[in-house]
Amino acid sequence: AAKEQGKSRYVRYVEEMDARAVEHARLGAELRRALAAGQLFLLYQPVVALPDGELSSLEALVRWHHPERGMVSPAQFIPVAERNGMIVEIGTWVLREACRQMADWRRRYGAAAPYRMAVNVSARQLREPEFAQAVADVLEETGLAPEDLLLEITETAVFDGGLALETVRAVRELGVGVALDDFGTGHSSLGLLRTCPVDALKVDKLFVDGVTGTVENSAIATSLAQIARALRLQAVAEGVETEAQAKRLYQLGYRLAQGFHFAPPLPAGDIGRRLAERAARGDGSDLFEPPAL
Ligand code: C2E
Ligand code: MG
Ligand code: MG
Ligand code: MG
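- An unreviewed UniProt entry lists the protein under the name Bifunctional diguanylate cyclase/phosphodiesterase, with Planomonospora corallina given as the organism.

A closer look at the coordination of the magnesium ion (ligand 4)
Here's step 1: Every protein donor of the magnesium ion (ligand 4) is listed here as Asp182 (OD), Asp204 (OD) and Glu238 (OE), and their distances to the metal cover 2.1 to 2.8 Å.
Here's step 2: As a motif over one chain, the donors of the magnesium ion (ligand 4) read D-x21-D-x33-E.
Here's step 3: The magnesium ion (ligand 3) is placed at 2.9 Å from the magnesium ion (ligand 4), the two being bridged by aspartate 182. Here glutamate 238 lies in the loop between strand 8 (234-237) and helix 12 (243-252) and aspartate 182 lies in strand 6 (residues 177-183), a separation of 56 residues in the sequence.
Here's step 4: When its relative accessible area of 27% is taken as the criterion, aspartate 182 is described as partly exposed.
Here's step 5: For glutamate 238, a relative accessible area of 12% translates into the label buried.

A few points about empty space enclosed by the protein
Here's step 1: Within the structure shown, the criterion is met by 4 cavities of 30 Å³ or more.
Here's step 2: The calculated volume of the largest cavity comes to roughly 90 Å³.
Here's step 3: Taken together, 13 residues make up the lining of the largest cavity; nearest its centre are Val47, Ser57, Leu150, Gln234 and Val236.
Here's step 4: Looking at the lining of the largest cavity, the elements with two or more residues in it are strand 2 (55-66), strand 5 (149-154), strand 7 (200-203) and strand 8.
Here's step 5: Taken together, the residues of the lining of the largest cavity sort by class into 7 nonpolar, 3 polar and 3 charged.
Here's step 6: Within this model, the second largest cavity holds a volume of roughly 40 Å³.
Here's step 7: Forming the boundary of the second largest cavity are Leu126, Phe131, Leu151, Ile153, Thr167, Val168, Val171 and Val178.
Here's step 8: Mapped by element, the contributors of at least two residues to the lining of the second largest cavity are strand 5 and helix 8 (164-173).

Remarks on the site of ligand 1
Here's step 1: Taken together, 21 residues are adjacent to ligand 1, and Arg63, Asn120, Asp181, Glu241 and Phe260 come closest.
Here's step 2: A distance of 3.1 Å separates a nitrogen atom of ligand 1 from a polar atom in the side chain of glutamine 45.
Here's step 3: Structurally, ligand 1 is housed in the largest pocket.
Here's step 4: Taken together, the elements giving at least two residues each to the shell around ligand 1 come down to strand 2, helix 3 (74-84) and strand 6.
Here's step 5: Examining the composition of the shell around ligand 1, we find that 4 residues originate from one element, strand 2, more than from any other.

Considerations on the confidence of the model for the protein
Here's step 1: When pLDDT is averaged along the protein, the result is 91; 95% of the residues meet or exceed 70.
Here's step 2: Reported for the predicted complex are a pTM of 0.92 and an ipTM of 0.98.

Quick notes on the packing of aromatic side chains
Here's step 1: Enumeration over the complete set of coordinates arrives at 2 aromatic pairs.
Here's step 2: Their ring planes at 75 degrees and their centres at 5.4 Å tell us that tyrosine 44 and tryptophan 105 sit as a pair that is edge-to-face. Of the two residues, tyrosine 44 sits in strand 1 (residues 40-49) while tryptophan 105 sits in helix 4 (residues 86-109), which places them 61 residues apart along the sequence. Taken individually, tyrosine 44 and tryptophan 105 each receive the classification buried, so the pair is uniform in this respect.
Here's step 3: The interplanar angle of 85 degrees and the centroid separation of 5.6 Å between the aromatic rings of tryptophan 64 and phenylalanine 77 together place this pair among those described as edge-to-face. Here phenylalanine 77 lies in helix 3 and tryptophan 64 lies in strand 2, a separation of 13 residues in the sequence.
Here's step 4: On the basis of relative accessibility, which here comes to 0%, the residue tryptophan 64 falls in the buried class.

Examining the pairing of strand 7
Here's step 1: Residues Ala200 and Lys202 point to one face of strand 7 and Leu201 and Val203 to the other, with burial holding for every one of them.
Here's step 2: Where strand 6 lies against strand 7, 3 bridges are found, and the strand directions are parallel. Its bridge partner being in strand 7, phenylalanine 183 is matched across the sheet by valine 203.
Here's step 3: Remark: the strand 6/helix 9 (residues 189-195)/strand 7 crossover connection has right-handed handedness.

Some points on the nonpolar core
Here's step 1: The biggest cluster of nonpolar side chains holds 79 residues, and the ones touching the most others in it are Trp105, Met117, Leu126, Leu149, Leu151 and Tyr254.
Here's step 2: It is helix 4 that contributes the most residues to this core, 11 residues altogether.
Here's step 3: Discounting chain neighbours no more than four positions away, the residues touching tryptophan 105 are Tyr44, Leu58, Gly110, Ala113, Met117, Ala268, Ile271, Gly272 and Leu275.

How each quantity is defined
Residues numbered from 1 in each chain as written. Chains lettered and ligands numbered in written order. Predicted model: local features only at pLDDT ≥ 70, side-chain atom pairs only at ≥ 80, totals over all residues. Heavy atoms only, no water. Donors = N, O, S within 2.8 Å, 3.2 Å for Na, K, Ca; no water. Helix = DSSP H or I, 4+ residues; strand = E, 2+ residues; numbered from the N terminus. Buried < 20%, exposed > 50% of the residue type's maximum accessible area, 1.4 Å probe, protein only. 1 Å grid on protein atoms, 1.4 Å probe; cavity = no way out; pocket = protein on both sides within 12 Å on 5 of 7 lines; lining within 4 Å. Points joined across faces, edges and corners; volume = space filled by probe spheres on them. Nonpolar A, V, L, I, M, F, W, Y, C, P; charged D, E, K, R; others polar. Near = heavy atom within 4 Å. Polar contact = N/O pair within 3.5 Å; in protein donor to acceptor, adjacent residues only side chain to side chain. Sits in = over half its atoms within 2 Å of the grid points. pLDDT = per-residue confidence, 0-100. Phe/Tyr/Trp six-rings, centres within 6.5 Å; stacked < 30°, edge-to-face > 60°. Pairing = 2+ DSSP bridges. Right-handed = clockwise from strand over helix to strand, strands pointing away. Core = buried A, V, L, I, M, F, W, Y, C linked by side-chain atoms within 4.5 Å. Contact = heavy atoms within 4.5 Å.

The following block contains the structure:
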């Protein structure tokens with residue numbers, strides 16, 4: 001302990017960083033094997049229509065069931081995968097699996113199936129020159145219609161430049177939807193809306209948390225609803241946890257929401273059962289493309 005105390009703050013800092021780098025390297029190596037070993041799987045979180053809470057679309061969210069560590073969150077392993085390049089392979093797997101599942105639900109349940117499937121795409125994937133072609137290949141392979149797919153990208157990914165903007169345009173050319181995820185938390189939000197052709201904004205939980213508070217706290221969520229309406233974009237409120245928030249969001253003009261208040265991310269089996277019930281009731285025929293605000 002005396003020796004520990006003797007160490008300079010700098011030495012301790014370096015040791016800590018080394019330990020973290022080692023941990024990242026180990027996680028990275030394990031991740032390489034995880035995909036092949038079938039340890040990755042998808043959950044699907046409903047996006048619902050306000051005010052009734054009817055299922056509108058789904059977002060695919062990846063999970064890693066690690067043999068020793070248990071469930072590892074994507075917030076932990078996606079950044080690791082972005083750094084070691086595994087994200088491209090993982091991202092393609094996620095895209096193919098989500099499209100395969102959505103195509104299956106569309107075939108089984110027709111109009112009672114969700115309106116579309118959202119898939120998260122990382123900055124690194126968007127910088128791949130082959131990305132749009134990979135999307136086209138997956139659609140072809142799975143038989144999914146392009147309008148049944150929505151890609152969620154972040155402002156930062158597009159802002160990073162390079163081919164990202166061209167790639168977004170190429171993907172839209174295919175007929176695939178694009179949403180800006182975590183909208184408002186990046187560093188070019190409003191300017192980007194002029195140059196980047198998207199059809200939906202996912203308003204980050206950070207702003208949704210404030211909607212039941214003071215005028216100041218709800219100001220950004222309020223403005224983003226107005227901007228979405230003016231630009232004819234769908235706006236989805238993310239991370240809705242209470243009835244009060246849902247009510248307030250509806251008053252502010254939001255017609256789509258996602259969050260634990262409605263449903264957590266769910267296994268495919270649970271979603272399939274709900275869809276089968278809905279199809280049996282003959283519901284869903286009223287499910288059309290949700291209007292822009
Ligand atoms: P995201 O795309 O913004 O997804 C929303 C996250 O918020 C999900 O966390 C979801 O489970 C969580 N969430 C949903 N409703 C609520 C709520 O009411 N309260 C709270 N506190 N959280 C809520 P998750 O699944 O852990 O994913 C975290 C992030 O990891 C995602 O944020 C996304 O950026 C990334 N991610 C997840 N799956 C993928 C993937 O397949 N590819 C890529 N590139 N990134 C992914
Ligand atoms: Mg997302
Ligand atoms: Mg999000
Ligand atoms: Mg978010």
